[in-house]
Amino acid sequence: QVQLVESGGGLVQAGGSLRVSCAASGSTFSDYSMAWFRQAPGKEREFLATISWGFGSTYYGDSVAGRFTISRVNAKNTVYLQMNSLKPEDTAVYYCAARYKPTIRSMIAENYDYWGQGTQVTVSS
């Protein structure tokens, strides 16, 4: 099992940047593909980005491609989401999630086995 704890959320003005982090513990972090999702009030959980175990291949959702960057540092058991050019519609609770050695990439929340508690990101206009 792996435990995930997000941090780094907060209030930022539109056009600004923020980096959220997710620290993992309890298992071999490098064996897990990691992803970021978000959920705004009244909306479904939305896929943002994923980074694979092994080669560290990345993939992004359409709404954040070109603005957000996912990365990982296995030596620190941490995955990051760098968010630039933030918009008010990016306001949500941001979650990291983990899958153990998947054979294919997934953008579906139900395919992820472990979740953090979330961190609030608020973008003011």
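Preceding this section is the structure that the text describes.
A quick note: this is a predicted structure, and the numbers were derived from the prediction, not measured.

Trainee: Help me understand the state of the cysteines in this model?
Mentor: Simply put, the disulfide is a covalent bond whose two ends are the sulfur atoms of two cysteines. Counted according to the given criterion, the structure contains one disulfide. In this model Cys-22 forms its disulfide with Cys-96; the gap between the sulfur atoms is 1.9 Å. Judged by the sign of its S-S torsion, about 50°, the bond between Cys-22 and Cys-96 is right-handed. Taken together, the positions of Cys-22 in strand β3 (residues 18–25) and Cys-96 in strand β9 (residues 92–100) put the pair 74 residues apart, joining distant regions of the chain. Judged by its relative accessible area of 0%, Cys-22 is buried.

Trainee: What am I meant to see in the pattern of salt bridges here?
Mentor: Under the counting rule described, the total for this entry stands at three salt bridges. As a salt-bridge pair, Glu-46 and Arg-38 come within 2.8 Å of each other at their nearest N and O atoms. A relative accessible area of 7% means that Arg-38 is categorised as buried.

Trainee: Teacher, can you tell me more about the sheet that holds β3 here?
Mentor: Backbone-to-backbone hydrogen bonds join strands into a sheet, with any given pair of strands oriented parallel or antiparallel. If you trace the four strands from one edge of the open sheet to the other, you get β1-β3-β8-β7, paired in antiparallel fashion. Single-partner strands in this sheet number two, and they are β1 (3–7) and β7 (68–73). Pairwise comparison of adjacent strand axes, ignoring direction, gives a mean angle of 15° for this sheet. Two strands pair when backbone bridges link them, and β3 and strand β8 (residues 78–83) are joined in this way by six bridges, in the antiparallel orientation. For Cys-22, the partnering residue across the bridge sits in β8 and is Val-79.

Trainee: Sorry if this is basic, but what is going on with the packing of aromatic side chains here?
Mentor: Given two aromatic rings, their pairing is described by the distance between the two centres and the angle made by the two planes. A full pass over the atoms with the stated rule returns eight aromatic pairs. With a centroid separation of 6.4 Å and 70° between ring planes, the pair formed by Tyr-112 and Trp-115 is classed as edge-to-face. Three or more aromatic residues joined by ring pairs make a cluster, and in this case those are Phe-37, Phe-47, Tyr-59, Tyr-95, Tyr-112 and Trp-115. When the ring centre of Trp-115 is taken as origin, the NZ or CZ atom of Arg-45, which lies over that ring, is 4.7 Å away. One cation-aromatic arrangement involves Arg-105 over Tyr-59; the distance from NZ or CZ to the ring centre is 3.9 Å.

Trainee: Would you take a moment to explain the environment of Phe-55 for this structure?
Mentor: Note that Phe-55 resides in the loop between β5 (46–51) and β6 (58–60). On a C-alpha basis, the gap between Phe-55 and Ser-30 in space is 10.0 Å, while along the polypeptide they are 25 residues apart.

Trainee: I would appreciate a short explanation of the nonpolar core in the present structure.
Mentor: Note that soluble globular proteins tend to have their nonpolar side chains buried in a common cluster. Residues Met-34, Trp-36, Leu-81, Met-83 and Tyr-94 are the most contacted members of the largest nonpolar core, which totals 29 residues. Breaking this core down by element, the ones donating at least two residues are β3, β4 (32–39), β5, β7, β8, β9 and β11 (119–124). Core analysis: the next-biggest nonpolar cluster, separate from the first, contains six residues, Ala-35, Phe-37, Ala-97 and Ala-109 among them.

The rules behind each value
The residue numbers shown here count from 1 along each chain, following its written sequence. Residues qualify for local features only when their pLDDT is at least 70, as the model is predicted, and side-chain atom pairs are given and counted only at 80 or more; totals for whole chains, interfaces and linings, by contrast, use all residues. In computing side-chain properties, one takes all heavy atoms of the structure into account and sets aside hydrogens as well as water. Here, a disulfide means two cysteine sulfur atoms that sit within 2.5 Å of each other. Going along the chain from the N terminus, every DSSP run of H or I of four or more residues is numbered as a helix, and every run of E of two or more is numbered as a strand. Exposure is judged per residue with a 1.4 Å probe applied to protein chains only, and the accessible area is read against the type maximum: over 50% gives exposed, under 20% gives buried, and values in between give partly exposed. The rule for a salt bridge is simple: a side-chain nitrogen of Lys or Arg has to be within 4 Å of a carboxyl oxygen of Asp or Glu. Criterion used throughout: strands pair if DSSP finds at least two bridges between them. Lines are fitted to the C-alpha atoms to define the axes, a helix being fitted only along its stretch in contact, and any angle between axes, read from their N-to-C directions, falls within 0 to 180 degrees. When two rings of Phe, Tyr or Trp (its six-membered ring) have centres within 6.5 Å they constitute a pair, described as stacked for plane angles under 30 degrees, edge-to-face for angles over 60, and tilted for the intermediate range. Charge-over-ring contacts are defined here by two conditions on Lys NZ or Arg CZ: a distance within 6 Å of the ring centre and an angle within 35 degrees of the ring normal. Side-chain atoms within 4.5 Å are what join buried Ala, Val, Leu, Ile, Met, Phe, Trp, Tyr and Cys residues into a set we call a nonpolar core.

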